[in-house]
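One letter stands for each residue in the lines below.
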Amino acid sequence: MTLQQEIVGNAMQMAVVSLNPGQTVYCEAGKFLFKTTNVTMETRLSGPSDNGGRQSGGGMGGMLRQAMGTAMQVGQRMLAGESLAFQYFTSRGGEGTVGFAGVLPGEMRALELDGTRAWFAEKDAFVAAESTVEFGIAFQGGRTGMSGGEGFVLEKFTGRGTVIIAGAGNFIDLNPADFGGRIEVDTGCVVAFEEGIRYGVQRVGGLNRQGIMNAVFGGEGLSLATLEGDGRVILQSLTIEGLANALRKAQGGDKQGPTGGLFSTHTG
C-alpha cells in the first residue's frame, strides 16, 4: 500500500503523512514534528526488518538471533554516525496524521520502491518510511569512500513502499544516460541515486599546472564524485560545507580564505 503523504512548504519543507487504521510509518529519531492523538509512538533500536523489534518465534535461539541482529544494526548505524533508534507511528481507531521534517533548509522527496531496485542516499538524508521499506547502511569503503567525503557512508533502502528523504537547498533530477552516460559533481551535492548507478570519486585534473589550479583555487579540493549508468539521480544545490562556511563568514570568521580549495581551513 502506497503511503499517503503530502510535502508542503518551500524553504524548509515538511511531509504530512496520512495513516490508514493499523498502518505504520517509522522515522529516524529527531525527524518527528507532530501527530494526532490516535497515533501511537514507540521508540525502538531495531529496524523494520527485525519485526519492528518485537519478539519472534524460535524460542531462546530465535530471541538470541534477534538480539544479535539488532546489535549489528545498531553497531552499523553508530559507525555511520546515524541515529541509534527509530520511532514507529501506528494509527489506532481510525485514520491518523503524522508530520516529519529534515534538519536543514531545503527540499524533501518521496521515493516509491517497487522491490526491483534499491535506492542509496547520503548520510542523514532519511526522514521516514513505511514499515515495508528496510533501512540499511552501505559502506563504500576503500579508496572511493575515503576520497569522497560524504560518499563514504550511504543509506540503503530496499523492499516495497514509500521512503521520504530530505536535502539542502533545491533538488534537480538527472539521468547520466541523458548526458553521455556519466556526470561529475561536487561530492557534497549527491542526495540519492537508484541501484544500477555506479558511484565513484576521481581526482580533479592531473598533476599538472591546470590540475593544481583546480584543486588549490577552484574550491572543490582534489576530488569530484562520478555517477555513471542509466537511472535516476537526485542532486542538491547546497552542500553542508558550503552552508557551514557561509555561517562562519556571517559571524565574522571567514575560514574559507581568499582562494578556497586546499586553502580552506576549519576550526571547531
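In case you missed it, the structure is sitting above this.
Here we summarise the structure given alongside this text. Sequence positions are assigned chain by chain, starting from 1 and proceeding in written order. Reporting of local features is limited, given that this is a predicted model, to residues whose pLDDT is at least 70; pairs of side-chain atoms are given and counted only at 80 or more, and all residues count toward the totals for whole chains, interfaces and linings. To obtain the side-chain values, all non-hydrogen atoms of the structure were included, while hydrogens and water were left out.

**Overview of the environment of Ile137**
Formally: Helix and strand definitions follow DSSP, with helices as H or I runs of at least four residues and strands as E runs of at least two, each counted in order from the N terminus. The classification of residues rests on relative accessible area computed with a 1.4 Å probe and restricted to protein chains. Under 20% of the type maximum is buried, over 50% is exposed, and intermediate values are partly exposed.
Along the chain, Ile137 falls in strand 11 (residues 133–139). Ile137 sits in the buried class, given a relative accessible area of 11%. Between the alpha carbons of Ile137 and Glu155 there is a distance of 4.8 Å; along the sequence they are 18 residues apart.

**Concerning the sheet that holds strand 4 (residues 32–35)**
Formally: Note on pairing: DSSP must find at least two bridges between two strands before they are called paired. Here an axis means a line fitted to C-alpha atoms, over the contact stretch when the element is a helix, while the angle between two N-to-C directions is reported on a 0 to 180 degree scale.
If you trace the four strands from one edge of the open sheet to the other, you get 1-2-7-4, paired in antiparallel fashion. Looking at the sheet topology across the chains shown, the edges are occupied by strand 1 (4–8) and strand 4. Mean inter-strand twist for the sheet, computed between neighbouring axes without regard to direction, equals 20°. Where strand 1 and strand 2 (residues 14–19) come together, five bridges link them in antiparallel fashion. Note on strand 2: the bridge partner recorded for Gln4 is Ser18.

**A word on the side chain of Glu107**
Filter applied, for reference: We define a polar contact as two N or O atoms separated by no more than 3.5 Å, with the added condition that, inside protein, one atom must be a possible hydrogen donor and the other a possible acceptor, whereas residues neighbouring each other in sequence contribute only through side-chain atom pairs. Here, residues are in contact when the closest pair of their heavy atoms is within 4.5 Å.
If you trace the backbone, Glu107 turns up in the loop between strand 7 (96–101) and strand 8 (108–114). A polar contact is formed between the side chain of Glu107 and the side chain of Asn170, at a distance of 3.4 Å. Polar side-chain contacts of Glu107 include one of 2.9 Å to the backbone nitrogen of Phe171. Aside from chain neighbours lying at most four places away, what touches Glu107 is Gln13, Ile165, Ala166, Gly167, Gly169, Asn170 and Phe171.

**Focus on unusual backbone geometry**
With the exception of glycine, most residues fall at negative phi, and the peptide bonds are largely trans. Despite not being glycine, Asp124 shows a phi value in the positive range, around 75°. Structurally, the position occupied by Asp124 is in the loop between strand 9 (119–122) and strand 10 (126–130).

**Topic: the packing of aromatic side chains**
Heads up, the condition is: Under the pairing criterion, centres of Phe, Tyr and Trp rings, with the six-membered ring standing for Trp, must be within 6.5 Å; the plane angle then separates stacked pairs below 30 degrees from edge-to-face pairs above 60, leaving the rest tilted. Whether a charge lies above a ring is judged from NZ of Lys or CZ of Arg, which has to be within 6 Å of the ring centre and within 35 degrees of the ring normal.
Counted under the stated rule, the structure contains twelve aromatic pairs. Their ring planes at 75° and their centres at 5.6 Å tell us that Phe89 and Phe100 sit as a pair that is edge-to-face. Of the two residues, Phe89 sits in strand 6 (residues 86–91) while Phe100 sits in strand 7, which places them eleven residues apart along the sequence. Classification of Phe89 as buried rests on a relative accessible area of 0%. Of the residues examined, Phe100 reaches a relative accessible area of 0% and is grouped as buried. What links up through ring pairs into an aromatic cluster is the set Tyr26, Phe86, Tyr88, Phe126, Phe135 and Phe157. Positioned over the ring face of Tyr88 is Arg44, at 4.0 Å from the centre of the ring.

**A word on the nonpolar core**
As a rule of thumb, nonpolar side chains are buried together in soluble globular proteins. For clarity, the cut-off: We call a set of buried residues a nonpolar core when its members are Ala, Val, Leu, Ile, Met, Phe, Trp, Tyr or Cys and they connect through side-chain atoms within 4.5 Å of each other.
If you look at the biggest cluster of nonpolar residues, it comprises 21 residues, and the most contacted ones within it are Tyr26, Phe126, Phe157, Val163 and Ile165. Residue assignment for this core shows that the elements contributing at least two residues are strand 6, strand 8, strand 9, strand 10, strand 11, strand 12 (153–166) and strand 15 (190–194). For this core, the element with the highest residue contribution is strand 12, accounting for four residues. Discounting residues that sit within four places of it in the chain, Val163 has contacts with Arg109, Ala110, Leu111, Leu113, Phe126, Ala128, Ala129, Val133 and Phe157. Counting 16 residues, the second-largest nonpolar core is a separate cluster that includes Cys27, Met108, Ala128 and Ile164.

Everything listed here is a matter of geometry and, on its own, says nothing about what the molecule does.
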